[in-house]
Amino acid sequence: MNRADILAVGAHPDDVEIGMGGTLAKHVEKGAKVALCSLTKGELSSNGTVEERQQEAREAAEVLGVQRYQLEFSDRSLHTEGEDFTELVALIRAVKPKVVFAPMPDRHPDHGMCGKIVKEAVFNAKIKKYQAFHTEAHKADALHFYMINGIQEADFYVDISAYIEKKIKALSCYKSQFEKREGTIETPLTNGYVEGVRAREYVFGKQAGVGYAEAFIKDSPLLIDNLLGV
């Protein structure tokens, strides 16, 4: 596995792209090594097959320029109690990210559970005696949370004005989820969801004083050594 400066984890394929696709694309262009990971294959999704969605996920990762990893957690069976974190811990230790991202809780229970699982795994990854496929301990510098559905009060924003179209292009790869086709089951995702994501990022941009932005919540307080930056 290749090392990554940033590792963004989602419960399902498309979660990371919805929450922070612009931020990932921006950091790739700046020269950072970026990876995203889906815990499940979204096998219980109302629309699309597992194979179709995996292909869409690969296409979206190519648009953003990121390395993609797929784990084998079960869709709608994410839990912190009794869950085996070793696969995710091993990934964190292998790519050695400086910063890890996970989803905030929202209307989909898997998103909140994914955030809790990632927090557990980030903690376990730094414990030397925690066994995970004979990997060595790794301590990430920070854990932050991104938003998938809805708007929450943010701790900080990332300006993605120059990357909003690339984000939308990545989301558009998920035709099985966001497009109405013959046989499509109507869900919140098939009713203007991508347009709603664009509008949300516009609102975040207004709050941050830029064109478009993505919003994040810190897991722990931000320590500032020098308020003047000198």
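Use the structure listed above.
A brief report on the enclosed structure follows. A quick note: this is a predicted structure, and the numbers were derived from the prediction, not measured. (Residues numbered from 1 in each chain as written. Predicted model: local features only at pLDDT ≥ 70, side-chain atom pairs only at ≥ 80, totals over all residues. Heavy atoms only, no water.)

## Thoughts on the environment of Val 197
Put simply, the rule reads: Helical segments are the DSSP runs of H or I of at least four residues, strand segments are the runs of E of at least two, and each set is numbered from the N terminus. Accessible area is worked out with a 1.4 Å probe on protein chains only. A residue is then buried under 20% of its type maximum, exposed over 50%, and partly exposed in between. In this description, contact between two residues means that some pair of their heavy atoms is separated by no more than 4.5 Å.
If you trace the backbone, Val 197 turns up in helix α7 (residues 193–208). Overall, Val 197 belongs to the buried group, its relative accessible area being 3%. Expressed as a C-alpha distance, the spacing of Val 197 and Leu 171, which sit 26 residues apart in the sequence, is 9.7 Å. With residues up to four places along the chain from it excluded, the contact list for Val 197 reads Ile 18, Lys 167 and Leu 171.

## Side note on the nonpolar core
Filter applied, for reference: Joining through side-chain atoms within 4.5 Å is the link that ties buried Ala, Val, Leu, Ile, Met, Phe, Trp, Tyr and Cys residues into a set, and such a set is a nonpolar core.
Membership of the largest hydrophobic core comes to 38 residues, with the highest contact counts inside it found for Leu 39, Leu 78, Leu 88 and Val 118. For this core, the elements supplying multiple residues, two or more each, are β1 (6–10), β2 (34–38), α3 (86–95), β4 (99–103), α4 (109–125), β5 (142–146) and β7 (213–218). Here the element with the most residues in this core is α4; it accounts for seven residues. Not counting chain neighbours up to four residues away, the residues in contact with Leu 39 comprise Val 9, Gly 10, Ala 11, Gln 70, Leu 71, Glu 72, Phe 73, Leu 78, Leu 88, Cys 114 and Ile 117. With 34 residues, the next largest nonpolar core counts Leu 64, Val 66, Phe 178 and Phe 216 among its residues.

## Quick look at the sheet that holds strand β6 (residues 156–159)
Hydrogen bonds between backbone groups are what pair the strands of a sheet, and the pairing can be parallel or antiparallel. Quick note on the threshold: Strand pairing is defined by DSSP finding a minimum of two bridges between the two strands. Axis lines are fitted to C-alpha atoms, over the contacting stretch for helices. Their N-to-C directions set the angle, which ranges from 0 to 180 degrees.
If you trace the seven strands from one edge of the open sheet to the other, you get β3-β2-β1-β4-β5-β7-β6, paired in mixed fashion. Lying at the two open borders of the sheet, with one neighbouring strand each, are β3 (67–70) and β6. Strand-to-strand, the axes of this sheet are offset by a mean angle of 30°, without reference to chain direction. Here four bridges tie β6 to β7, and the two strands are oriented antiparallel to one another. Its bridge partner lying in β7, Asp 159 is registered against Ala 213.

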